[in-house]
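What the coordinates show
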Amino acid sequence: MITTQLLRPESIVVVGASNNVHKPGGAILKNLISGGYRGELRAINPKEAEVQGIPSFADAKDIPDTDLAILAIPAALCPDVVETLAREKQTRAFVILSAGFGEETHEGALLEERILETVNKYGASLIGPNCIGVMNTWHHSVFSQPIPQLSPKGVDLISSSGATAVFILESAVTKGLQFNSVWSVGNAKQIGVEDVLGYMDEAFDPEKDSGIKLLYIESIGDPDRLLFHASSLIKKGCKIAAIKAGSSESGSRAASSHTGAIASSDSAVEALFRKAGIVRCYSREELTTVGCVFTLPELRGKNFAIITHAGGPGVMLTDALSKGGLNVPRLEGEAADELKAGLFPGAAVGNPIDILATGTPEHLRLCIDYCEEKFENIDAMMAIFGTPGLVTMFEMYDVLHEKMQTCRKPIFPILPSINTAGAEVAAFLAKGHVNFADEVTLGTALSRIVNAPQPATNEIELFGVDVPRIRRIIDSIPANGYIEPHYVQALLHSAGIPIVDEFVSGNKEEVIAFARRCGFPVVAKVVGPVHKSDVGGVVLNIKGEQHLALEFDRMMQIPEANAIMVQPMLKGTELFIGAKYEEKFGHVVLCGLGGIFVEVLKDVSSGLAPLSYEEAYSMIHSLRAYKIIQGTRGQKGVNEDKFAEIIVRLSTLLRFATEIKEMDINPLLATEKEVIAVDARIRIEKGE
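First, a word on scope: everything that follows refers to the structure included in this document. Everything numeric here is computed off the predicted structure, so don't read it as measured data.

Conventions adopted
Residues numbered from 1 in each chain as written. Predicted model: local features only at pLDDT ≥ 70, side-chain atom pairs only at ≥ 80, totals over all residues. Heavy atoms only, no water. Helix = DSSP H or I, 4+ residues; strand = E, 2+ residues; numbered from the N terminus. Buried < 20%, exposed > 50% of the residue type's maximum accessible area, 1.4 Å probe, protein only. Contact = heavy atoms within 4.5 Å. Areas by Shrake-Rupley, 256 points an atom, 1.4 Å probe, with all protein chains shown as cover. Lys, Arg positive; Asp, Glu negative; His and termini not counted. Charge placed at Lys NZ, Arg CZ, Asp CG, Glu CD. Salt bridge = Lys/Arg side-chain N within 4 Å of Asp/Glu carboxyl O. Pairing = 2+ DSSP bridges. Axes fitted to C-alpha atoms, helices over the stretch in contact; angles between N-to-C directions. Patch = residues over 30% accessible without salt bridge, like charges linked within 9 Å, V, L, I, M, F, W, Y side chains within 5 Å. Phe/Tyr/Trp six-rings, centres within 6.5 Å; stacked < 30°, edge-to-face > 60°. Lys NZ or Arg CZ within 6 Å of the ring centre and 35° of its normal.

**A word on the overall build of the protein chain**
- Assigned secondary structure in the protein chain consists of 24 helices and 29 strands.
- With 688 residues in all, the protein chain has 56% of them scored as buried.
- For the protein chain, long-range pairs separated by at least 24 residues make up 70% of all intrachain contacts whose partners lie at least 6 apart in sequence.
- Summing over all exposed atoms, the protein chain offers an accessible surface of approximately 29400 Å²; the carbon and sulfur share of this is 50%.
- Charge-centre separation for the protein chain: the mean point of 65 positive side chains lies 2 Å from the mean point of 85 negative side chains.

Set out below in structure tokens:
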């Protein structure tokens, strides 16, 4: 519950206020005063009549009614103070900085529960405990530094961790990124990241509220809620970037399928962010760089001109952009020749445009004008200008400032000399600009933004999927675990997923008769053992009846073997689709190259079922091996549309068969015309 008293309190009391500004109770009071808080400020400190010039009271019972209380006292004292303030002083918002609660001990968790009961009883907000506080343009209720420049059009930061929030602010301030609000939710006993985002969504006013949200999340308690509010805000015109920490551990249960082995909690996070349209970041520097990019005019294409006086950074930026699927197109022809003639001899204009260390502000202006007006294959400009130590950079940065205000194409300022040209950079930032000190971090951030999909639609693709038949098949399966091949085939057929002809039997003559009908060569696979290839249970390219009879006899001797499956031998590129049910998230669908590549390279991307076609294409395009799918070095590509269709159909099957907990289709054999499932396994778990 987020109350007005938390956001815009008319009065604030600091419980445990101190004259020592190196203590949380002293630092937070100092920040409130220096932040220009205009309401009534009070302090509770039994040893002082006045703290930092603010009236101090001995006990919570002695103060007038107060909207917001900030507690910087030992954990054991907090429940009684909260009770007194909520019951007697109409306090309807609490920020508890103190640690020593549920994050440490069972006794601490009980204290937290008492506080939660009280604030819920009186309809009050609770931030924390174990946090650095909350800061907005109304009040600076944090005990930390730095305090960034606050502006209604700055970004909103919501962080699970107080210390991380401080480090994110440090990273942002040096770039000139401004903030509208900072939320550190700590233990999130009442209000977590999802709750703050939900409030921002439900109360969103595009005229007044920030359109940029940065998140640092340590655990996702309610994935559906995060997905709903993030995608809702993005559809309203907001931009959201997030770090999800602690996502390298795979599931605790030992997985028996390929998908189970490679699907970690990280796969679910990637899938959730993809569905919501959140730009995923992996470091504080990336997060704040993406935040800075969000403040600039929106990109309308993928083609960049790099203007610089230093060759090396231009080359590194070109590499970073290219790696992320962005372009630095060659500039040539009459306009390029004209531009070259206007620069010093030795300057290069092919892109990067290198005006040399001796290049002047007028040369920079000329390059920007040509990129803006004459080079139609350019969508945005990057200007890399540090100091070569020969001149001050004030005039150069004045040109950048002027052009960033007038050009319709975005200009990204990369000013690396934050020490040598510190005064010039500071003057540039003071005009309201941001600075990207590192060109490679910027290139990476841009690729993350450009490649992030739009929020997915909520519609389920039902065309060609026989839902009643899927339910009949699932209901008829007698036991939990890996299901018989004929059930697998029936489920895939019901979802409209093409599957290779196959025949399963423990009778040698029947198996040979099927192979004769479908034509040699064939593939034979043992039925029973889970990892067939590990026990010699897969034989490819069997060209005759005698060879098949020998392999039948051998494979039936394998432990747990109960039958042999025969299929015609098909050729094509091996692809993979799998799915795993993740608690709270639902089904995570993975795709990638098939065969041994799945586990060796782990080049897979994930989405959250049910999936739209846009999501399926986004998953395919984000694979490192996408060039193989497209076709490379004389090899024909595969039918990407059919691959996407199977991903979508599988996700619909899972939506209506939640009993499926793990499944693999590996391999799918793909050609330029068809994509067909060759081998599939499904593990189900039904409730009692």
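There is more to say after this.
**What about the pattern of salt bridges?**
- Applying the stated criterion across every chain, the model contains 31 salt bridges.
- Between Lys236 and Asp201 there is a salt bridge whose closest N-O contact spans 2.6 Å. Of this pair, Lys236 sits in the loop between helix H7 (223-235) and strand E13 (239-244) while Asp201 sits in helix H6 (residues 193-202), and the two are 35 residues apart along the sequence.
- Between Glu338 and Lys374 there is a salt bridge, with the nearest N and O atoms lying 3.3 Å from each other. Here Lys374 lies in the loop between helix H13 (361-373) and strand E17 (380-384) and Glu338 lies in helix H12 (residues 334-341), a separation of 36 residues in the sequence.
- Take Lys374: its relative accessible area is 44%, and that puts it in the partly exposed class.

**Some thoughts on unusual backbone geometry**
- Omega for the bond connecting Phe520 with Pro521 falls within 30 degrees of zero, at 0 degrees, which places this linkage in the cis form.
- Within the secondary structure, Pro521 sits in the loop between helix H19 (508-518) and strand E21 (522-527).
- Following Asn666, the chain continues into Pro667 via a peptide bond in cis, with omega recorded as 5 degrees.
- Although it is not a glycine, Gln52 adopts a positive phi angle of roughly 50 degrees.
- Looking at the element boundaries, Gln52 is found in the loop between strand E3 (50-51) and strand E4 (54-57).
- Despite not being glycine, Asn541 has its phi angle at roughly 60 degrees, a positive value.
- Of note, Asn541 is situated in strand E22 (residues 538-542).
- On the basis of relative accessibility, which here comes to 34%, the residue Asn541 falls in the partly exposed class.

**A few points about the side chain of Ser144**
- Structurally, Ser144 can be placed in the loop between strand E9 (140-142) and strand E10 (150-159).
- Given a relative accessible area of 9%, Ser144 falls into the buried group.
- Setting aside its immediate chain neighbours within four residues, Ser144 contacts Asn31, Ile132 and Val166.

**Structural notes on the sheet that holds E21**
- Sheet architecture is open: four strands sit in the order E20-E23-E21-E22, paired in antiparallel fashion. With partners counted over all chains shown, the strands left at the sheet margins are strand E20 (503-505) and E22, one partner each. Mean inter-strand twist for the sheet, computed between neighbouring axes without regard to direction, equals 20 degrees.
- In terms of strand pairing, E20 meets strand E23 (residues 563-568) through three bridges, oriented antiparallel. Among the inter-strand pairings, Phe503 is bridged to a residue of E23, identified as Val566.
- In the packing of helix H20 (residues 545-555) onto the sheet, the strands contacted are E20, E21, E22 and E23, and the crossing angle to E22 comes to about 175 degrees.

**Looking at the environment of Ile684**
- You can see Ile684 is positioned in strand E29 (residues 680-684).
- Taking the C-alpha atoms as reference, Ile684 lies 5.4 Å from Gly481; in sequence the two are 203 residues apart.
- Those residues in contact with Ile684 that lie beyond four places of it in its chain are Ile477, Ala479, Asn480, Gly481, Ile483, Glu659, Ile660 and Lys661.

**Some details on a nonpolar patch on the surface**
- A cluster of nonpolar residues, Ile596, Phe597, Val600 and Leu601, forms a patch on the protein surface that exposes about 420 Å² of accessible area.
- Within the secondary structure, Phe597 sits in helix H21 (residues 597-601).

**Some points on the sheet that holds E9**
- Read across the sheet, seven strands follow the order E9-E8-E11-E10-E12-E13-E14 without closing on themselves; strand pairing throughout is mixed. For this open sheet the edge positions go to E9 and strand E14 (279-281), each flanked by a neighbour on one side alone. For this sheet the average axis-to-axis angle between neighbouring strands, irrespective of direction, equals 20 degrees.
- Here strand E12 (residues 212-217) runs beside E13; their pairing, made up of six bridges, is parallel. Across the sheet, Tyr216 pairs through a bridge with Ile243, a residue of E13.
- The sheet strands contacting helix H10 (residues 284-295) are E12, E13 and E14, and the helix crosses E13 at an angle near 180 degrees.

**What to know about the packing of aromatic side chains**
- Scanning the model with the defined rule gives five aromatic pairs in all.
- Considering the side-chain rings of Tyr370 and Phe375, the 6.1 Å spacing of their centres and the 50 degrees angle between planes classify their relative orientation as tilted.
- For the ring pair Phe503 and Phe514, a centre distance of 5.5 Å and an interplane angle of 15 degrees mean the geometry is stacked. In this pair, Phe503 sits in strand E20 while Phe514 sits in helix H19, placing the two residues eleven residues apart along the sequence.
- Connected via pairs of aromatic rings, a cluster forms that spans Phe304, Phe412 and Phe436.
- The lysine or arginine in question, Arg655, covers the ring of Phe656, its NZ or CZ lying 5.5 Å from the ring centre.
- One Lys or Arg, Lys661, reaches over the ring of Tyr581 and ends 4.1 Å from the middle of that ring.

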